[in-house]
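Structural overview
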Amino acid sequence: MTNAAPPTGFQVALSAGSDEAVITEVGATLRQFSVGGRDVIVSFPEDELPPASNGAVLVPWPNRIRDGQYTFDGEDRQLPITEPQRGTALHGLVVWQRWTLEEHDDTSATLSLDTVPIPGYPHPLRVVITYALDGAGGLAITLTTTNLGSTAAPYGVGFHPWLSPGPGSLDDAVLQLDAESWIPTDDRLLPTGVEPLPERFDFREPRRLGTTELDDAFVDATREADGLSWLRLRGSDGRTAAVWMDDSMDCWQMCSGDQVAAVDARRTGLAAEPMTCVADAFRTGDHLITLQPGESHTVRWGMQLS
């Protein structure tokens, strides 16, 4: 009798000096990333499923699509409803798929997935993701998606790491975000427009998060001299867990987890999600990418602890 395999499939371990990461077969999910024993992200046990999309890869759309319905090239389409309580199609199609490990050494791993067309998204895609530790507290992620089909495909991508506040509480952490505008939402967390940052969500200058509840998107990302946009969370231990994205993405989502289904996952960290588009992009067209047959699209982002 053999031991049962982990629910997220085989585990790919990376290490570089005191930096360690684990990527799972199912979803190519980043399950764990730590530097010198200090968590950069909120991890989850090998024998459990991710409680709140922890470390997920969100392809071919991040966030929600209203009623799972959209129109593309004059054709009305219906996606499976995967968030029944809000009646939406949530976080794409690849989260629960088994990926193929293409390359793996001590410090990096590359996984790939060929998606299967479905009635609501009849486009075969090839998705390739590489995770690479730099040995200096950083992890870089590159993802390339290619349209293998004969027709144009609507497309977006995002990622779902939960930054760890370290040994202290999330309330005591200091947050800073490089973005100029806020996306208000309705009671289904679907966008209703774009507005200037309200005071309660203005984290352009670092300040304590306190009891602020977040499940909000932000656009008009600002960038430092190197072209990167940052989201930083400094814990009460003085360490800063941060996510960066290059100019291949322009949208952020932050979530404090107050309303996630898993009660024990609430306010344990901050979802710091780089994205190419916000919710409902298949319907609104905002920031939506159209992948032509044979065309590829690449994004690059990463995390670090300082």
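Not measured: the values here are computed from a predicted model.

Things to note about the pattern of salt bridges
Per the stated rule, a full pass over the model turns up 18 salt bridges. Asp280 serves as the salt-bridge partner of Arg66, at 3.8 Å between the closest nitrogen and oxygen. Residue Arg66 is found in strand S6 (residues 64-66), and its partner Asp280 is found in the loop between strand S25 (270-275) and helix H1 (281-284); the two are separated by 214 residues along the sequence. Summarising the burial analysis for this pair, Arg66 and Asp280 share the class buried. Among the ionic pairs, Arg126 bridges to Glu102, the shortest N-O distance being 3.4 Å. Here Glu102 lies in strand S10 (residues 100-104) and Arg126 lies in strand S12 (residues 125-133), a separation of 24 residues in the sequence. In this structure Glu102 comes out as partly exposed when scored by relative accessible area, which is 40%. Among the ionic contacts, a cluster of salt bridges with common partners joins Arg66, Asp186, Asp280 and Arg283.

What to know about the nonpolar core
Residues Phe33, Val57, Ile129, Leu143, Phe218 and Met303 are the most contacted members of the largest nonpolar core, which totals 69 residues. It is S12 that contributes the most residues to this core, five residues altogether. Residues in contact with Phe33, not counting those within four places in the same chain, are Glu20, Ala21, Asp39, Val40, Ile41, Leu133, Gly137, Gly138, Leu139 and Met303. Within the second largest apolar cluster, eight residues are counted, among which are Val42, Ala52, Cys255 and Ala265.

Points about the packing of aromatic side chains
Tallied over the full model, the rule gives six aromatic pairs. Ring centres of Phe159 and Trp301 lie 5.0 Å apart, and the angle between their planes is 35°; this geometry places the pair in the tilted category. Of the two residues, Phe159 is situated in strand S15 (residues 158-160) and Trp301 in strand S27 (residues 296-305); the sequence distance between them amounts to 142 residues. Residues Phe159 and Trp301 agree in their burial class; the two are buried. Taken together through their ring pairs, the aromatic side chains of Trp61, Tyr70, Tyr121 and Phe282 make up a single cluster. Sitting over the ring of Trp182, Arg200 keeps its end group 5.3 Å from the ring centre.

Digging into the layout of surface pockets
Quantified by volume, the largest pocket comes out at close to 910 Å³. Residues of the lining of the largest pocket, tallied by class, amount to 20 nonpolar, 14 polar and five charged.

Topic: empty space enclosed by the protein
All chains considered together, the criterion is met by three cavities of 30 Å³ or more. Around the largest cavity sit Asn63, Arg64, Ile183, Thr185, Leu189, Pro191, Asp215, Asp216, Ala217, Gln253, Val278 and Ala279, which together line it. With three residues, strand S21 (residues 215-221) is the single largest residue contributor to the lining of the largest cavity. Across the lining of the largest cavity, the residue classes tally to six nonpolar, three polar and three charged.

About the cut-offs
- Starting afresh in each chain, residues are numbered from 1 along the sequence in its written order.
- Confidence filtering applies because this is a predicted model: local features only for residues at pLDDT of at least 70, side-chain atom pairs given and counted only at 80 or more, and all residues used for totals across whole chains, interfaces and linings.
- Calculated side-chain values reflect all of the structure's heavy atoms, with hydrogen atoms and water omitted.
- Note on definitions: salt bridges are taken to be side-chain nitrogens of Lys or Arg within 4 Å of carboxyl oxygens of Asp or Glu.
- In this description a helix means any DSSP run of H or I spanning at least four residues, a strand means any run of E spanning at least two, and both kinds are numbered starting from the N terminus.
- We call a residue buried when its accessible area falls under 20% of the maximum for its residue type, exposed when it is over 50%, and partly exposed in between, using a 1.4 Å probe and counting protein chains only.
- Here, the term nonpolar core denotes a set of buried Ala, Val, Leu, Ile, Met, Phe, Trp, Tyr and Cys residues that are joined through side-chain atoms within 4.5 Å.
- We call two residues in contact when some of their heavy atoms are within 4.5 Å.
- Geometry of aromatic contacts follows a simple scheme: Phe, Tyr and Trp rings, the Trp one being its six-membered ring, pair when their centres are within 6.5 Å, and the pair is stacked under 30 degrees between planes, edge-to-face over 60, tilted otherwise.
- We call a charge positioned above a ring when the Lys NZ or Arg CZ atom is no farther than 6 Å from the ring centre and deviates by at most 35 degrees from the ring normal.
- Two kinds of site are reported from a 1 Å grid over the protein atoms alone, namely cavities, where a 1.4 Å probe fits but cannot get out, and pockets, open sets with protein on both sides within 12 Å along at least five of seven lines, and residues are called lining when an atom falls within 4 Å of a point.
- Grid points are joined across faces, edges and corners, and a volume is the space filled by probe spheres set on the points.
- Residue classes follow a fixed rule: Ala, Val, Leu, Ile, Met, Phe, Trp, Tyr, Cys and Pro count as nonpolar, while Asp, Glu, Lys and Arg count as charged, and any other residue, Gly among them, counts as polar.

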